[in-house]
Amino acid sequence: MSHIGSEILQAKSILEAGKAVAIPTETVYGLAANAMDADAVAQIFAIKKRPTFDPLIVHTYSLEALKSFVLEIPEAASLLANAFWPGPLTLLLPKKPIIPDLVTSGLERVAVRIPNHPLTLRLLQSLDFPLAAPSANPFGYISPTTAQHVADQLGEDIEYILDGGAASIGVESTIVGWENGIATVLRVGGLSIDAIEKVIGPVQVQSVSSSNPAAPGMLKSHYAPRIPMRAGNITELIKEFSGKKIAVLSFQQAYPTADINYILSESGNLNQAAQRLFAAMRELDNTDAEIILTEFVPAIGLGLAINDRLKRACAEE
Ligand code: TXA
Ligand code: MG
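Thresholds, definitions, all that
- Residues numbered from 1 in each chain as written.
- Chains lettered and ligands numbered in written order.
- Predicted model: local features only at pLDDT ≥ 70, side-chain atom pairs only at ≥ 80, totals over all residues.
- Heavy atoms only, no water.
- Salt bridge = Lys/Arg side-chain N within 4 Å of Asp/Glu carboxyl O.
- Helix = DSSP H or I, 4+ residues; strand = E, 2+ residues; numbered from the N terminus.
- Buried < 20%, exposed > 50% of the residue type's maximum accessible area, 1.4 Å probe, protein only.
- Pairing = 2+ DSSP bridges.
- Axes fitted to C-alpha atoms, helices over the stretch in contact; angles between N-to-C directions.
- Contact = heavy atoms within 4.5 Å.
- Parallel < 35°, antiparallel > 145°, perpendicular 65-115°, else oblique.
- Left-handed = near helix turned anticlockwise from the far one by under 90°.
- Expected span 1.5 Å × (residues − 1).
- Bend = angle between axes of the 7 residues up to and from the residue.
- Phe/Tyr/Trp six-rings, centres within 6.5 Å; stacked < 30°, edge-to-face > 60°.
- Lys NZ or Arg CZ within 6 Å of the ring centre and 35° of its normal.

We now examine the pattern of salt bridges. Inspection of the entire model under this criterion finds 14 salt bridges. Across the pair arginine 230 and glutamate 240 runs a salt bridge whose closest N-O atoms are separated by 3.5 Å. Placement of the pair is arginine 230 in strand β12 (residues 229-231) and glutamate 240 in helix α9 (residues 234-240), with a sequence separation of ten residues. A relative accessible area of 33% places arginine 230 in the partly exposed class. Aspartate 308 is the salt-bridge partner of arginine 309, the closest N and O atoms lying 2.5 Å from each other. Overall, arginine 309 belongs to the buried group, its relative accessible area being 0%. Note on aspartate 308: relative accessible area 9%, which makes it buried. Overlapping salt bridges, with partners in common, bring together Glu172, Asp308, Arg309 and Arg312 in one network.

Encoded structure:
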């Protein structure tokens, strides 16, 4: 069983020995290993049962440290980095050969991010290598937002979980790359598109595709609970599924005819809803409900990321 604690030195020594450690970030927990060491990175894929065509994000603590493994930081990337790092933003930048191909699944660009979590920033500063880290969940399942979530599923496979409390943002980082020079959001996430556009002007948002190898993170079915989930008008859905044990994951209000209710934010606060979303999905997935019914939230701010995760949670494989 893994140990849960907040000892940076312990995390550091395990990472320096070439092994994986779970780390807190403001978005979700990551499963981290030395990004410069292909054998260490291979363990991440093995533990997550993640296909190697799905590349990893490399985490570092400063723009200076980043320059040791990316070839260049274009002007627009640098504007975003200065505005939002440390924070829930991942940038796709041309990689130096020092980053093993396994990290990027052979792609020319590496995904990079400076996370905004005090424990993890201190850990990164103490290491002389950056950390490759996907979300610390089995491939395809809901991302973890607490140390206990990580322990529940990967506890047998990792030695140490660095506990930094519940993730404050709760959905993964927003990924931005440049396609033919046009800033493109490849995954909507914890940094809103409005915020990005205020800094670099209009961006394009890549449409969802299950067969686009340039954006493997956009797999159609992802973040999915084991209990089937359906999104739409909850009142109508409750009628459709009458006779089944129903759990409802709603935005603001309870539905008295459902067997189980989980409300994301009674006050209708999208940031609060995002912060609670994955914990809510896990909690409902651990009930004996036969179906989880949910609804989309307003498509503004973090609502876009919430709706994206809900859609993928409902998608058939
Ligand atoms: O908030 C986050 O981004 C969290 C925390 C731990 O930092 N990490 C995370 O990692 O969500 P992961 O592996 O679950 O999702 C990263 C996504 C993947 O879907 C992957 O396909 C995409 O980023 N990605 C990584 N490197 C890429 C690359 N070089 N080109 C295109 N997509 C890339
Ligand atoms: Mg993930």
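Here we come to the pairing of strand β9 (residues 174-179). A large share of β9 lies buried, amounting to five of its six residues. As paired strands, β9 and strand β10 (residues 182-187) are joined by five bridges and run antiparallel to one another. Note on β10: the bridge partner recorded for isoleucine 175 is arginine 187. The hairpin formed by β9 and β10 contains two residues between the paired strands, and asparagine 180 there has a positive phi angle of roughly 50 degrees.

Let us look at the sheet that holds β12. If you trace the four strands from one edge of the open sheet to the other, you get β12-β15-β13-β14, paired in parallel fashion. At either margin of the open sheet sits one strand with a lone partner, and together these are β12 and β14 (260-263). Recorded for the sheet is a direction-independent mean angle of 20 degrees between the axes of neighbouring strands. Across three bridges, β12 lies against strand β15 (residues 291-294) in parallel orientation. Within β15, the residue paired with methionine 229 across the bridge is isoleucine 292. The strands that helix α11 (residues 303-314) touches are β12, β13 (246-250) and β15; relative to β12, the one it contacts most, it runs at about 130 degrees.

Glancing now at unusual backbone geometry. Going from tryptophan 85 to proline 86, the amide bond is cis rather than trans, its omega being -5 degrees. Inspection of the secondary structure assignment puts proline 86 in the loop between α4 (75-84) and β5 (89-94). Notably, lysine 49 is not glycine yet its phi reads approximately 55 degrees, a positive angle.

So, about the packing of helix α10 (residues 270-285) against α11. Where α10 contacts α11, the two axes come as close as 9 Å, and the packing angle between them is 20 degrees. Judged by the inter-axis angle, α10 sits roughly parallel to α11. Considering the relative orientation of α10 and α11, their crossing is left-handed. Across from Leu270, Ala273, Ala274, Leu277, Phe278 and Met281 in α10, the residues of α11 making contact are Gly303, Ile306, Arg309, Leu310 and Ala313.

So, on to α10. Relative to the 22 Å expected for 16 residues at 1.5 Å per residue, α10 spans 22 Å between its end C-alpha atoms, a close match to the ideal helical length. The axis of α10 is deflected most strongly, by about 45 degrees, at leucine 277. Those residues of α10 hidden inside the fold are in contact with α7 (147-154), β12, β13, β14, β15 and α11.

A separate point is the packing of aromatic side chains. How two aromatic rings sit relative to each other is set out by the distance from centre to centre and by the angle between their planes. Under the criterion given, the structure shown has one aromatic pair. Relative to phenylalanine 278, the ring of tyrosine 223 has its centre 5.8 Å away and its plane inclined at 15 degrees; by these criteria the two rings are stacked. You can see tyrosine 223 sitting in the loop between β11 (204-205) and β12 and its partner phenylalanine 278 sitting in helix α10, a full 55 residues away along the chain. One exposure class covers both tyrosine 223 and phenylalanine 278, and it is buried. If you follow lysine 311 out to its NZ or CZ, it ends over the ring of phenylalanine 296, 5.9 Å from the centre.

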